[in-house]
Amino acid sequence: MRHFPIFLDLAGRRALVLGEGAAAARKADALAEAGATVTRVARFAPARSAQDCLAGVAIAIGAEAPETDLQALSEAAQALGIPVNIVDRPALSSFIMPALIDRDPLTIAIASGGAAPVLARQLRAKIEALIPPAYGRLAAFLGRAQGELRRRFPDLAQRRRLIERLLGGRVAALVFAGREAEAEAALAAELAASDTGADGATPGMVFLVGAGPGAADLLTLRAQRLLGEADVIVHDRLVGDEVLALARRDATRIFVGKARAHHCLPQSEINALLVGLARAGKKVVRLKGGDPFIFGRGGEEAEALAEAGIACEIVPGVTAALACAAAAGIPLTHRDAARSVTLLTGHGKEGVIDLDFAALVRLGGTLAIYMAITALPRLAAGFAAAGLAPETPAALIERGGTPAERRLFAPLPELATRAPAWSSGGPALLLIGPAVARAGTATREAAADLTAMLA
């Protein structure tokens, strides 16, 4: 390890930045954010030497200045014992500037010893994606609790075990969810249980997480983090192996998939399962295809958890209408074709389709109908009776947003005729409206523009 990592307290101390340009400005901004009083000097002059400028300075940085001035700054600072960095010049520097991830009060620094700063910045980007800003809130929360934890648990090993439990449990989950008042109460309960030696399970928490259309790289960062932390994952049939592979290896997986007219587990039993797991102290991810609150029964589960007094957080996902339309290049809204988009389901309670077809036809825009394949003949008949023009563009998109996606474009009456032979049994979305005719237009226009640029 050539460079010893260390964090300097610069609050109220002077810092010198030599040079002009974007690099020098970025360094000055970073020093100011750390609390330093920054002096900017474009270059040294006969009446103002490097030694003069360094008087009372705690740290010095040079960038985009004349070579002689950079050399002079390096030599003078090192002679005075002042840490100095000349940007991209390790040989002239007594310290290097790492790539930083700021999650105040948590700070992560990545350095390559000056050998590969671009690589360090790329690694920073990867780590930043895994460490959301909520970690800063968690660090601050623990900092505020530090005095009380030290008072109650003077033994370091005992205190460390408790903190590890807090970081993996409900307290941290509530902080991440932005519910700090509840986190304070949960911490107080944890401390009270520890004081009394109670060994009963502290209630866990349930996360209703949208898994998106199936591709793992369409998960939100929050969903990915929770999959890596969950004790139990309760998932439906629309969640693929690629997404489940992101879960903790030792996490329990419970399949509760539902298909039309065939429920592996009735909804009431799924609700009871989630409540029971949370009461046993488990961190539960209820993983649903698409978005949990768009035809995913997430609302019913959230209500059941609330009635049972179980903490719950909703993590949205990319819903099928967005994923299918994006993959097919269909603009759900378009100034020239669709001023609105309406999300509907083709599979109501007890299989009844209760749609106001006439109102939907008057509304216009784009209609996105979930679970439409088996109801397609009744949908086509209902829209036809309500006056929808038979030539209105429509599309069926099966397994949208996944590598197995399939599309069938035709006017709605023709789709209803062809769909039974075409369908492979996967989940399908029906899109209806003038915007469907613009499928791929944006992609084609972008390709044409690129071709013209390269010509």
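Residues numbered from 1 in each chain as written. Predicted model: local features only at pLDDT ≥ 70, side-chain atom pairs only at ≥ 80, totals over all residues. Heavy atoms only, no water.

Re the packing of aromatic side chains
A full pass over the atoms with the stated rule returns three aromatic pairs. Judged by centre distance (4.9 Å) and plane angle (85°), the ring pair of F357 and F383 falls under edge-to-face. One end of the pair, F357, is in helix α14 (residues 357-363); the other, F383, is in helix α15 (residues 376-385), and 26 residues separate them in sequence. Lying over the aromatic face of F176, R225 brings its terminal NZ or CZ to 4.0 Å of the ring centre. (Phe/Tyr/Trp six-rings, centres within 6.5 Å; stacked < 30°, edge-to-face > 60°. Helix = DSSP H or I, 4+ residues; strand = E, 2+ residues; numbered from the N terminus. Lys NZ or Arg CZ within 6 Å of the ring centre and 35° of its normal.)

Considerations on the sheet that holds strand β15 (residues 366-370)
Judged by pairing direction, the sheet is mixed, and its five strands sit side by side in the order β14-β15-β18-β16-β17 without closing on themselves. Each edge of the open sheet carries a strand with a single partner, namely β14 (341-345) and β17 (406-409). Geometrically, the sheet is characterised by an average inter-axis angle of 20° between neighbouring strands, direction not taken into account. Contacting β14, β15, β16 (394-398), β17 and β18 (428-432), helix α13 (residues 320-328) runs over the sheet at an angle of about 70° to β18. (Pairing = 2+ DSSP bridges. Axes fitted to C-alpha atoms, helices over the stretch in contact; angles between N-to-C directions. Contact = heavy atoms within 4.5 Å.)

Regarding the pairing of strand β5 (residues 99-103)
Taking every second residue as pointing to the same face, the buried face of β5 carries A99, I101 and R103, while none of L100 and D102 on the other face is buried. With five bridges joining them, β5 and strand β6 (residues 106-110) adopt antiparallel strand pairing. Residue pairing in the sheet places R103 in a bridge with L106 of β6. Connecting β5 to the antiparallel partner β6 that follows it, the hairpin turn spans two residues. (Buried < 20%, exposed > 50% of the residue type's maximum accessible area, 1.4 Å probe, protein only.)

Notes on unusual backbone geometry
That bond from D104 to P105 is cis: its omega, 10°, falls within 30 degrees of zero. Along the chain, the position of P105 falls in the loop between β5 and β6. With a phi close to 60°, R297 is a non-glycine residue in the positive phi region. Residue placement: R297 occurs in the loop between β12 (283-288) and α12 (298-307). Despite not being glycine, R399 has its phi angle at roughly 50°, a positive value. Tracing the backbone through its elements, the reader meets R399 in the loop between β16 and β17. The class of R399 is partly exposed, set by a relative accessible area of 32%.

Thoughts on the pattern of salt bridges
Applying the stated rule across the entire model yields 17 salt bridges. The partner of R165 in a salt bridge is E190, with the nearest N and O atoms 3.3 Å apart. Placement of the pair is R165 in helix α6 (residues 156-167) and E190 in helix α8 (residues 180-196), with a sequence separation of 25 residues. D250 is the partner of R248 in a salt bridge, and the nearest nitrogen-oxygen pair spans 2.8 Å. A relative accessible area of 26% places R248 in the partly exposed class. Its relative accessible area of 55% is what places D250 among the exposed residues. (Salt bridge = Lys/Arg side-chain N within 4 Å of Asp/Glu carboxyl O.)

Quick notes on the side chain of N271
Residue placement: N271 occurs in helix α11 (residues 267-279). The exposure class of N271 is buried, given its relative accessible area of 15%. Ignoring any residue separated from it by four or fewer positions in sequence, one finds N271 in contact with E300, E301 and A304.

Let's talk about α12
The complete set of buried residues in α12 reads G298, E301, A302, A304 and L305. Mapping the buried residues of α12 onto a view down its axis gives an arc of 160°, with all of them on the same face. The exposed set on the far side of α12, more than 90 degrees from its buried face, consists of E303, A306 and E307. Two residues or fewer after α12 comes G309, characterised by a positive phi angle close to 75°. (Arc of directions from axis to C-beta.)

Here's the deal with the nonpolar core
With 39 residues, the main nonpolar core has V209, L227, I233, V243, V285 and L287 as its most contacted residues. Beyond its immediate chain neighbours, meaning those up to four positions away, V285 contacts F207, V209, L226, L227, A230, V232, I233 and V234. In terms of nonpolar packing, the next biggest core, distinct from the first, is built from 25 residues, A394, L396, A410 and W422 among them. (Core = buried A, V, L, I, M, F, W, Y, C linked by side-chain atoms within 4.5 Å.)

Geometry only, nothing functional implied.
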